[in-house]
Structure formats: C-alpha cells, structure tokens
Amino acid sequence: MTKDGNAIREKMKNLDQENVTIVLFGQPGSGKSSLINAICGYQAVPVGVETDTTREPLLVEHGDATFMDLPGYGTKSFPWNEFIDQFHLFDYDMFLCVFSDKLHQGDTELFRQLTGKGKPCIFVRNKTDLIYEEGMSLEESEASIRRDVAAQLGREDFELVFVCSRKDAPAGLDDLNDAIIRKMPAARREKYILTAEARTQEQLDAKREAARSYVRRSSAYAAYNGINPIIGVDAAVDLLILYQMYGCIRDAFGITPEVIHSSRKVSLRDKAMVLGGMSREGIKVIIKTLGRKFAARSFLKAVPVVGQAASALLGYQLVRQAGLAYIEACYGLARERLLDELDARREKPEKA
C-alpha cells in the first residue's frame, strides 16, 4: 500500500471509529443495565451490575456508540465538587437520567449542571410496567410523574420518556430513540442514527439518509485517490474504500448472512451484491460489473492536470454509485425484516 493509500485508510478508519458517547446516570436499581440492553437489542451487560460499588464507570461498546453507566455521585467517594471533572462529563454527547421511583436530589442537581453547559439530557422513567397508583389510569399516573419532575426541577422545558426495558415486554423504546436522535448534537446525530437499531419505518428511512451521507464522504476519498499521481495503485485503494464502506453500511442496517438467506422478497441480484460486499474477492466482482470505468482511471492519470482531475471526478462518481446501490440492497433486506417484526408485535397482544 502506498503512503497516500495508507493515508486514505487512516481517514476511513477514523471516520468509522469515531464513537458517540451516551452517559446514563441515576440511582442503583433504576434499571440502567436493562435499558442499555434494550437499546442495543441484546444482552450487552449483565443485569444487576451496580456501578456504585466501584470507582470506575461501566462502559458498553455497541457499534459506533459507547454507553457509560456512572457510579454513584454526591457521595464521600465522589463529592459534587469533583465528580464532573473526575469523569470529564462535559466531553460527552448525550445524557440519560434513569429513574424508576422518585427522583433524587443528586439526579436533579446533575441535570442542572449538565444543561447549564448546554448538554442534552433526557429523563427516562423506567419500569413503566410497575407504575401503579390506586384509582388512577396509567396515563394519569404518568402525568403525575411528569408534574413531580417539573416541581423538582422548577421548570417545564425538559424531555421525559416512559419506557419498559424488560426483554419480554419492551415498551417506549421507539419514543426514546426518537428523543435521542432529536436532542443529539447535530455533528453527532448521523453517527448515532447509523448505530441505533431502527424500530420504526421512519427510523429506518432516517438511517438510509445517514448512510447516503456517509457514502458521499467516502466517495470524497476516492476522488483524493484519483488525484494521486502514482499510476497503478487505484484498484487497491478503491477496493479498500469499498470494503470499509460496505462494512459500515451492513453494520448500520444490521445485515448478516442469516438475514440475507432468510429474505423472501429481496431480489437474488441484490442478495448477491450484499454477500459479495463481504469479501475483497466479491468486491472485485462488483467493480467489474460497474464496467471498465474503474480501470480507466489509471490511464487518465497519464494526462497531466486535466487527466488527474477527470480521474478524481470519475472515482467520486463510481464509488458513490456503488455505495448507493449497496445501501438500497441493504435497506430492502432491513425493511423486510422490520415489517416482519412489526407484524409480530401487532399479533402478540391478540395471542395473549
């Protein structure tokens, strides 16, 4: 690999590995571990882990997102005047205050300090399956909880989402995901959308748009490769760009060989494309199907200045074309799976 090829690889690597960090705080027993698992869609952390017994936060990596469960705060071990600086909280992207009973003063104090610095924070009332007030409906109970939070904060402008993170009876996760996307800083929103599980058609469509934006940035590296005056390295670098780009797209849509083989509606051509993008040999075949334009880039470089510019433009167009086609194939597979899941959700109450 040439020096310029290595530079492109590093840029692509940094683009892919730049994580979004979401910090969860709240009292032990509020269900933070269960909530992380529910958001991830699998058991990423053992339920019942209590971070107040350790001096370190619990970190969970999920794709391009990192979830951080903080230890107890406002204690002798972690006094208020040291807690925020000790964990560098103002460096992170999003905060979830998780509670399953009454809010504690420490929760509201941390919320005030975070929002005072312009950090987005969402209150998450977990364990909604256990909410019960005699003589009150669930809606009335939730309204009472909202009034209580407002009274403790002394303000009405806050985000509160009600969820149940039980594996056998999840609820409210769609609303939580929408809230996170809505309040996530703009510079980090696209990365979160690519990472988060799409639980609704709207969220899946947003993921497709984010993936298209990612492809445009990846295509810019192909243009940079076209400017490279060294003849003969284009194919290797283009292969690298497509390999990393395809991997990111598949991860974003949650596409695995099992998802591909179980599809009943996606065309054989699209299935073959997605499978082909899983290996370097398969990508070589995909490049051939796009015609001889990839090979033409090296010959264009032989023409000083004008040829390099044409090679850069052609590289951008080809990688973008290949990326957008791959997105549509993955989107079709993901949409089929989502619709099946939505149908199963609708049928479940009828069987109960």
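Description of the structure in this document. (Residues numbered from 1 in each chain as written. Predicted model: local features only at pLDDT ≥ 70, side-chain atom pairs only at ≥ 80, totals over all residues. Heavy atoms only, no water.)

1. Notes on the pairing of strand β2 (residues 58-62)
No. 1: With 5 bridges connecting them, β2 and strand β3 (residues 65-69) associate as antiparallel partners. Note that in β3 the partner of V60 across the bridge is F67.
No. 2: Here β2 folds back onto β3, and the loop between the two strands holds 2 residues, one of which, G63, carries a positive phi near 60°. (Pairing = 2+ DSSP bridges. Helix = DSSP H or I, 4+ residues; strand = E, 2+ residues; numbered from the N terminus.)

2. What about the nonpolar core?
No. 1: Within the largest apolar cluster, 64 residues are counted, with the highest numbers of intra-cluster contacts made by L96, L176 and F253.
No. 2: Looking at this core element by element, the count peaks at 11 residues for helix α14 (residues 306-351).
No. 3: Per-domain counts for this core show at least three residues from each of domain 1 (18-192) and domain 2 (197-345).
No. 4: Ignoring anything within four residues of it in the chain, the contact list for L176 reads L35, I39, L96, I122, V124, V161 and V163.
No. 5: By size, the runner-up hydrophobic cluster in this structure holds 28 residues, among which are L103, L110, F123 and F162. (Core = buried A, V, L, I, M, F, W, Y, C linked by side-chain atoms within 4.5 Å. Buried < 20%, exposed > 50% of the residue type's maximum accessible area, 1.4 Å probe, protein only. Domains from an automatic or database assignment. Contact = heavy atoms within 4.5 Å.)

3. Topic: the environment of R212
No. 1: Position of R212 among the secondary structure elements: in helix α8 (residues 201-227).
No. 2: The partly exposed category is assigned to R212, whose relative accessible area is 24%.
No. 3: Placed 37 residues apart in sequence, R212 and I249 show a C-alpha to C-alpha distance of 9.3 Å.
No. 4: Those residues within four positions of R212 in sequence are excluded, and the remaining contacts are L324, I327 and E328.
No. 5: Here E328 takes part through its side chain, which lies 3.1 Å from a polar atom of the side chain of R212. (Polar contact = N/O pair within 3.5 Å; in protein donor to acceptor, adjacent residues only side chain to side chain.)

4. Some details on the sheet that holds β2
No. 1: Taken together, 6 strands build an open sheet; the order of strands is β2-β3-β1-β4-β5-β6 and the sheet is mixed. Every other strand in the sheet has two partners, leaving β2 and β6 (159-162) as the edge strands with one partner each. Neighbouring strand axes in the sheet, compared pairwise and without regard to direction, differ in orientation by 25° on average.
No. 2: As paired strands, strand β1 (residues 20-25) and β3 are joined by 5 bridges and run parallel to one another. Its bridge partner lying in β3, V20 is registered against A65.
No. 3: Packed onto the sheet, helix α5 (residues 138-153) meets β4 (94-99), β5 (121-125) and β6 and runs at close to 150° relative to β6.
No. 4: Of the strands in this sheet, β1, β2 and β3 are in contact with helix α7 (residues 186-195), which crosses β1 at around 80°. (Axes fitted to C-alpha atoms, helices over the stretch in contact; angles between N-to-C directions.)

5. As for the environment of F158
No. 1: With respect to the element layout, F158 can be found in the loop between α5 and β6.
No. 2: A relative accessible area of 13% places F158 in the buried class.
No. 3: Sequence separation between F158 and F123 is 35 residues; the distance between their C-alpha atoms is 7.8 Å.
No. 4: Sequence-distant contacts of F158, that is, excluding residues within four places in its chain, are made with F111, F123, R146, V149, A150 and L153.

6. Re the packing of helix α6 (residues 173-183) against α7
No. 1: The interhelical angle for the contact between α6 and α7, taken along N-to-C directions, is 155°, at an axis separation of 8 Å. By the criterion of interaxial angle, the relationship of α6 to α7 is roughly antiparallel. For the pair formed by α6 and α7, the contact residues are N177, I180, I181 and R182 on the first element and R189, Y192 and I193 on the second.
No. 2: Looking at side-chain class alone, the contact of α6 with α7 contains 4 nonpolar, 1 polar and 2 charged residues. (Parallel < 35°, antiparallel > 145°, perpendicular 65-115°, else oblique. Nonpolar A, V, L, I, M, F, W, Y, C, P; charged D, E, K, R; others polar.)

7. As for α5
No. 1: In a regular helix each residue adds 1.5 Å, so 16 residues correspond to 22 Å; α5 covers 23 Å between its end C-alpha atoms and thus fits that length.
No. 2: Buried residues of α5: S141, I145, V149, A150 and L153, and no others.
No. 3: Looking at the packing, one finds that the buried side of α5 touches β4, α4 (105-116), β5 and β6.
No. 4: With its phi angle positive at about 75°, G154 sits one or two positions after the end of α5. (Expected span 1.5 Å × (residues − 1).)

8. Details of the pairing of β4
No. 1: In terms of burial, β4 is largely enclosed, as 6 of its 6 residues are buried.
No. 2: By the alternation rule, side chains of β4 split into M94, L96 and V98 and F95, C97 and F99, which are all buried.
No. 3: Direction of pairing for β1 relative to β4: parallel, over a ladder of 4 bridges. In the sheet register, I22 faces β4, and the bridge partner there is M94.
No. 4: Pairing geometry for β4 and β5, over 5 bridges, is parallel. Bridging from a neighbouring strand, L96 pairs with I122 of β5.
No. 5: Between the parallel elements β4 and β5, the chain passes through α4 in a crossover that is right-handed. (Right-handed = clockwise from strand over helix to strand, strands pointing away.)

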